[in-house]
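Observations on the model geometry
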Amino acid sequence: MDYDGKRYQMVEEQLKPRGISSPRVLAAFTQVPREIFVLPEKKAQAYEDFPLSIGLGQTISQPFMVALMTQLLDPQPGEKILEIGTGSGYQTAILSCLGAKVWTVERLKLLAERAQDNLSQAGYKVFVKVGDGSLGWKEESPFDKIAVTAAAPSIPPPLLDQLKEGGKLVIPRGGLVFQNLVVVRKEKEIVKEEDVCRCIFVPLVGKYGLKK
Ligand code: SAM
């Protein structure tokens, strides 16, 4: 399988035409081997333009959605980023590839273990925890930026508390059927929100999730 060719094609045909323009983000997508992060029987579909099942009813998001969230977050080298919803570890790898230090929380132990293996195989060192990410990761806070990759009814208060002053959070907010991707900025104690587009994510399950 020509994965390098498929990766290039994904960037040219799925990401650039839809407005992913950050050269750094595009470079990360040409570097991270997405085939490592999908189930063995899905490798041939690793670069297709849709989400894929990773088992346990969960998904690795569509490449464009991972790219859009990354571009909105705009991770910088050395920044401390919290990701909620590790899933396969692919988004985690993209953030790490951009030089961020990533702490990631996954509620399902099996997925967290697989993600840790995938990330090690791809050569990224991150901090993975099993638990309810809607509570954040208080001991490691504050974070420069936070990415939530599962749908929530509102912004979980602990995540806002754990975001640095001047920090940015990206989250799909809405109901079970669809959500809006929202960028939240915390500036001088004021929280500013901007709706970016409609999206569809699996639900955040936890204290501040769509499901308890
Ligand atoms: N970013 C992932 C990737 O690149 O593969 C995709 C994440 S998937 C769309 C959402 C993930 O959020 C699932 O793995 C799910 O188990 C996880 N999740 C749901 N509720 C959670 C919670 N409260 N804390 C942590 N993880 C949660």
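This one's a predicted model, so the numbers in the text were calculated from it and none came from an experiment. (Residues numbered from 1 in each chain as written. Predicted model: local features only at pLDDT ≥ 70, side-chain atom pairs only at ≥ 80, totals over all residues. Heavy atoms only, no water.)

Our next topic: the site of the ligand. Around the ligand sit 27 residues in total, of which Ser88, Glu106, Asp132, Gly133 and Val205 are the nearest. Within the contact set of the ligand, an oxygen atom lies 3.1 Å away from a backbone nitrogen or oxygen of Gln91. In isolation the ligand offers 600 Å² of accessible surface; the protein chains occlude 99% of this area. Under a 2 Å grid-point criterion requiring more than half of the atoms, the pocket assigned to the ligand is the largest cavity. Among the secondary structure elements, those contributing two or more residues to the shell around the ligand are strand 2 (58-60), helix 4 (90-97) and strand 4 (101-106). Here the shell around the ligand is composed, by residue class, of 10 nonpolar, 13 polar and 4 charged. (Near = heavy atom within 4 Å. Polar contact = N/O pair within 3.5 Å; in protein donor to acceptor, adjacent residues only side chain to side chain. Areas by Shrake-Rupley, 256 points an atom, 1.4 Å probe, with all protein chains shown as cover. 1 Å grid on protein atoms, 1.4 Å probe; cavity = no way out; pocket = protein on both sides within 12 Å on 5 of 7 lines; lining within 4 Å. Sits in = over half its atoms within 2 Å of the grid points. Helix = DSSP H or I, 4+ residues; strand = E, 2+ residues; numbered from the N terminus. Nonpolar A, V, L, I, M, F, W, Y, C, P; charged D, E, K, R; others polar.)

This brings us to empty space enclosed by the protein. By the definition in use, this model includes 1 cavity of 30 Å³ or more. Within this model, the largest cavity holds a volume of roughly 380 Å³. Lining the largest cavity are 33 residues; nearest its centre among them are Gly85, Thr86, Gly87, Glu106 and Thr149. Of all the secondary structure elements, the ones that give two or more residues to the lining of the largest cavity are strand 2, helix 3 (63-73), strand 3 (80-84), helix 4 and strand 4. For the lining of the largest cavity, the per-class residue count stands at 16 nonpolar, 13 polar and 4 charged. (Points joined across faces, edges and corners; volume = space filled by probe spheres on them.)

Within helix 3, 9 of the 11 residues are buried, leaving the element largely enclosed by the surrounding structure. Restricting attention to buried positions, one finds in helix 3 the residues Pro63, Phe64, Met65, Val66, Ala67, Leu68, Met69, Thr70 and Leu73. The first or second residue beyond helix 3 is Asp74, which carries a positive phi of 50°. (Buried < 20%, exposed > 50% of the residue type's maximum accessible area, 1.4 Å probe, protein only.)

What follows covers unusual backbone geometry. Here the bond from Ser141 into Pro142 is cis, since omega is 5°, no more than 30 degrees from zero. Mapped onto the elements of the fold, Pro142 is located in the loop between strand 5 (127-130) and strand 6 (143-148). Positive phi is not limited to glycine here, since Asp74 has a value of about 50°.

Below, the discussion takes up the pairing of strand 1 (residues 52-55). Pairing of strand 1 with strand 2, which is carried by 3 bridges, proceeds in the antiparallel orientation. When the bridges of strand 2 are listed, Leu52 appears paired with Ile60. Between the end of strand 1 and the start of strand 2, which pair antiparallel, lie 2 residues, with Leu56 showing a positive phi angle near 55°. (Pairing = 2+ DSSP bridges.)

Inspection of every chain in the model, using the stated rule, returns 5 aromatic pairs. Ring geometry for Trp103 against Phe127: centres 4.7 Å apart, planes inclined by 20°, an arrangement best described as stacked. You can see Trp103 sitting in strand 4 and its partner Phe127 sitting in strand 5, a full 24 residues away along the chain. Under the relative-accessibility criterion, Trp103 is labelled buried at 8%. For Phe127, a relative accessible area of 35% corresponds to the partly exposed category. Three or more aromatic residues link up through ring pairs in this structure, and these residues are Phe29, Phe37 and Tyr90. Stacked on the ring of Phe64, the Lys or Arg Arg18 has its end atom at 5.2 Å from the ring centre. If you follow Arg34 out to its NZ or CZ, it ends over the ring of Tyr90, 4.8 Å from the centre. (Phe/Tyr/Trp six-rings, centres within 6.5 Å; stacked < 30°, edge-to-face > 60°. Lys NZ or Arg CZ within 6 Å of the ring centre and 35° of its normal.)

Once that is clear, we can look at a nonpolar patch on the surface. Taken together, the side chains of Leu176, Val177, Phe178 and Ile200 present a nonpolar region at the surface, about 450 Å² in accessible area. Mapped onto the elements, Phe178 comes out in the loop between strand 7 (163-174) and strand 8 (179-187). (Patch = residues over 30% accessible without salt bridge, like charges linked within 9 Å, V, L, I, M, F, W, Y side chains within 5 Å. Salt bridge = Lys/Arg side-chain N within 4 Å of Asp/Glu carboxyl O.)

A packed helix pair is summarised by two numbers, namely the angle formed by the two axes and the spacing between the axes. Running from N to C, helix 2 (residues 23-31) and helix 4 point in directions that differ by 125°, and their axes come no closer than 9 Å. Here helix 2 lies oblique to helix 4, going by the angle between them. Considering the relative orientation of helix 2 and helix 4, their crossing is right-handed. Residues Ala28, Phe29 and Gln31 of helix 2 pack against Tyr90, Ile94 and Cys97 of helix 4. Grouping the amino acids of the contact of helix 2 with helix 4 by side-chain chemistry returns 5 nonpolar, 1 polar and no charged. (Axes fitted to C-alpha atoms, helices over the stretch in contact; angles between N-to-C directions. Parallel < 35°, antiparallel > 145°, perpendicular 65-115°, else oblique. Left-handed = near helix turned anticlockwise from the far one by under 90°. Contact = heavy atoms within 4.5 Å.)

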